[in-house]
Every structure is written in C-alpha cells, then in structure tokens.
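The primary structure of each chain is shown beneath.
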Amino acid sequence: MIRAVALVCTLTASPAPSSSHRLAGQVMSELADLGVQGETIRVADHHIRPGIARDLGEGDDWPQLWDKVMAADIVLLATPIWLGHPASLCQRVLERLNADISETDEQGRQLPYGKVGLVAVVGNEDGAHKVSADLFQGLNDLGFSLPPGAVTYWVGEAQQSTDYQDLDKTPEAVAATTKTLAANAVHLASLLQSAPYPPS
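Residues numbered from 1 in each chain as written. Predicted model: local features only at pLDDT ≥ 70, side-chain atom pairs only at ≥ 80, totals over all residues. Heavy atoms only, no water.

Peer 1: Quick question: what am I supposed to make of the packing of helix α2 (residues 62-71) against helix α3 (residues 88-97) here?
Peer 2: Interaxial distance between α2 and α3 falls to 11 Å at its minimum, and their mutual angle equals 80 degrees. Considered as vectors, α2 and α3 are oriented roughly perpendicular to each other. Across the interface between the two elements, W62, W66 and V69 from α2 touch V93, R96 and L97 from α3. In terms of residue class, the contact of α2 with α3 is built from 5 nonpolar, no polar and 1 charged. (Axes fitted to C-alpha atoms, helices over the stretch in contact; angles between N-to-C directions. Helix = DSSP H or I, 4+ residues; strand = E, 2+ residues; numbered from the N terminus. Parallel < 35°, antiparallel > 145°, perpendicular 65-115°, else oblique. Contact = heavy atoms within 4.5 Å. Nonpolar A, V, L, I, M, F, W, Y, C, P; charged D, E, K, R; others polar.)

Right under this line is the structure:
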C-alpha cells in the first residue's frame, strides 16, 4: 500500500476556492487511479507556528501534520506563486520539516529517506520553474527523493485576472504532465519500498 499526503499552501483558508487546491486535487486523483490512498490538507486551516522545531507547544498544529508526513510514502507540496516565490506557508512547512534535518533512523538515514517529494505550482505570473527549483532543493536537503518530472504547474497570461480555478477545462499539457508525475511518483515509491536506501 502506497500512501500520499498533499499539503496545499494556498494563503486562503477553506471553504474558499483555491487554484492550488484544485491542482493538488488533480494530482491526488491521478494517484488514486493508481491505487494510492491519499489525504489533502489545506495548511491555512491549521495553526502552524513559525519556528524550527517539531513541536512549539500548546496551540501548534504542526505535530499532527508532521505525523501525516511521516506516515506517507509520497508528499506533495502545492503552492501559488507570490512575488516570484512560493507562498509563505510553503516556506513555513519546509522550515518546520527542517527541525528534523539532523534526525536519523536506526540505520543513520534522514527520516524522509524512502519518501517521494512532488510539487504543484499555480500562478498568474512567470516563475513556476524558479519556485519548483526552490522546493526541489528544500525537499532534497530534507531527504526526499524526486522522480523525473516531479512538478506539474500552470501559469496564466501575465497581468491578467484568470486563475487556474476559473478554467472550464484543464489544459491538455497540464493534464498530461500531472498524469506522468503521478505515474513516476508511484513507480519510485514502489521501488523505494522494495529496495530502501543503504544505511548511512
């Protein structure tokens, strides 16, 4: 059994619509078609305190999200582009994960070893490659493995008002990229389950 969790880092809390949530849902749907059990979490619906620690005390919701990340084989970060960067909540997720960057399992491997990292990006400005590059580096530093084509994204025309959530139909290129991303993620997750990384 392969399990996935999507951390949607839109700045908009539920139940308001979100382009990041829509694209994350499409990724999770493709994963489900491949037999993956998944859960989608909108980070803005939780109180995630700033800091570099696994648990920052009463009122901090990060520990429960950390448990879900640790229980997953595939972790998707979905973010909008703001001012050419990932959303601040996405950076906060990476910062909170960074609390455990020196923690290892009994064989000396970082805790996310064996987990697949994926990225989904939406925005009305250029920057999807830059944002995905930033997140790829963060995920890799933390110990996640990235399959080929580990990002799916959509960016609208510059200085226009159309959001991804406003589209009547998913563009063919986005749908095809999302499908390939899911297939590669499941393939890599299966390989890592059957052949874990060697002790460090």
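Peer 1: Would you explain the environment of Q107 in this entry?
Peer 2: By secondary structure assignment, the location of Q107 is in the loop between α3 and β5 (116-123). Residue Q107 is classed as partly exposed on the basis of its relative accessible area of 35%. For the pair Q107 and S200, spaced 93 residues apart in the sequence, the C-alpha separation amounts to 6.4 Å. Excluding its chain neighbours within four sequence positions, the residues that come into contact with Q107 are P199 and S200. Within polar-contact distance, the side chain of Q107 engages the side chain of R109 at 2.8 Å. (Buried < 20%, exposed > 50% of the residue type's maximum accessible area, 1.4 Å probe, protein only. Polar contact = N/O pair within 3.5 Å; in protein donor to acceptor, adjacent residues only side chain to side chain.)

Peer 1: Looking at this structure, I do not really get the packing of aromatic side chains. What am I missing?
Peer 2: Ring pairs (aromatic) are described by centroid distance and by the angle formed between their planes. Under the defined criterion, the tally for this structure stands at 2 aromatic pairs. Taking the centre distance of 5.4 Å and the plane angle of 65 degrees together, the rings of Y113 and Y197 count as edge-to-face. Highlighted residues: Y113 in the loop between α3 and β5 and Y197 in the segment after α5 (172-194), separated in sequence by 84 residues. Its relative accessible area of 33% is what places Y113 among the partly exposed residues. (Phe/Tyr/Trp six-rings, centres within 6.5 Å; stacked < 30°, edge-to-face > 60°.)

Peer 1: Hey, could you run me through α3 in this one?
Peer 2: Here α3 has its buried residues at L89, C90, V93, L94, R96 and L97. Looking straight down α3, one finds its buried side chains confined to an arc of 165 degrees; they lie on one side. Contacts made by the buried residues of α3 are with β1 (3-8), α2, β3 (74-82), β4 (85-86) and α4 (128-142). (Arc of directions from axis to C-beta.)

Peer 1: For this particular structure, what's the right way to read the pattern of salt bridges?
Peer 2: When charged atoms on two side chains of opposite charge get close, those side chains can pair. Taken as a whole and assessed by the stated rule, the structure comprises 7 salt bridges. With a closest N to O distance of 2.7 Å, D100 and R54 form a salt bridge. Taken together, the residues span a long stretch of sequence, with D100 in the loop between α3 and β5 and R54 in the loop between β2 (37-42) and α2 at a distance of 46 residues. Here D100 falls in the buried class, since its relative accessible area comes to 8%. (Salt bridge = Lys/Arg side-chain N within 4 Å of Asp/Glu carboxyl O.)

Peer 1: Quick question: what am I supposed to make of a nonpolar patch on the surface here?
Peer 2: Together, L11, W82 and L83 give the surface a local cluster of nonpolar side chains, amounting to about 380 Å² of exposed area. Mapped onto the secondary structure, W82 falls in strand β3. Overall, the relative accessible area of 49% leaves W82 in the partly exposed class. (Patch = residues over 30% accessible without salt bridge, like charges linked within 9 Å, V, L, I, M, F, W, Y side chains within 5 Å. Areas by Shrake-Rupley, 256 points an atom, 1.4 Å probe, with all protein chains shown as cover.)

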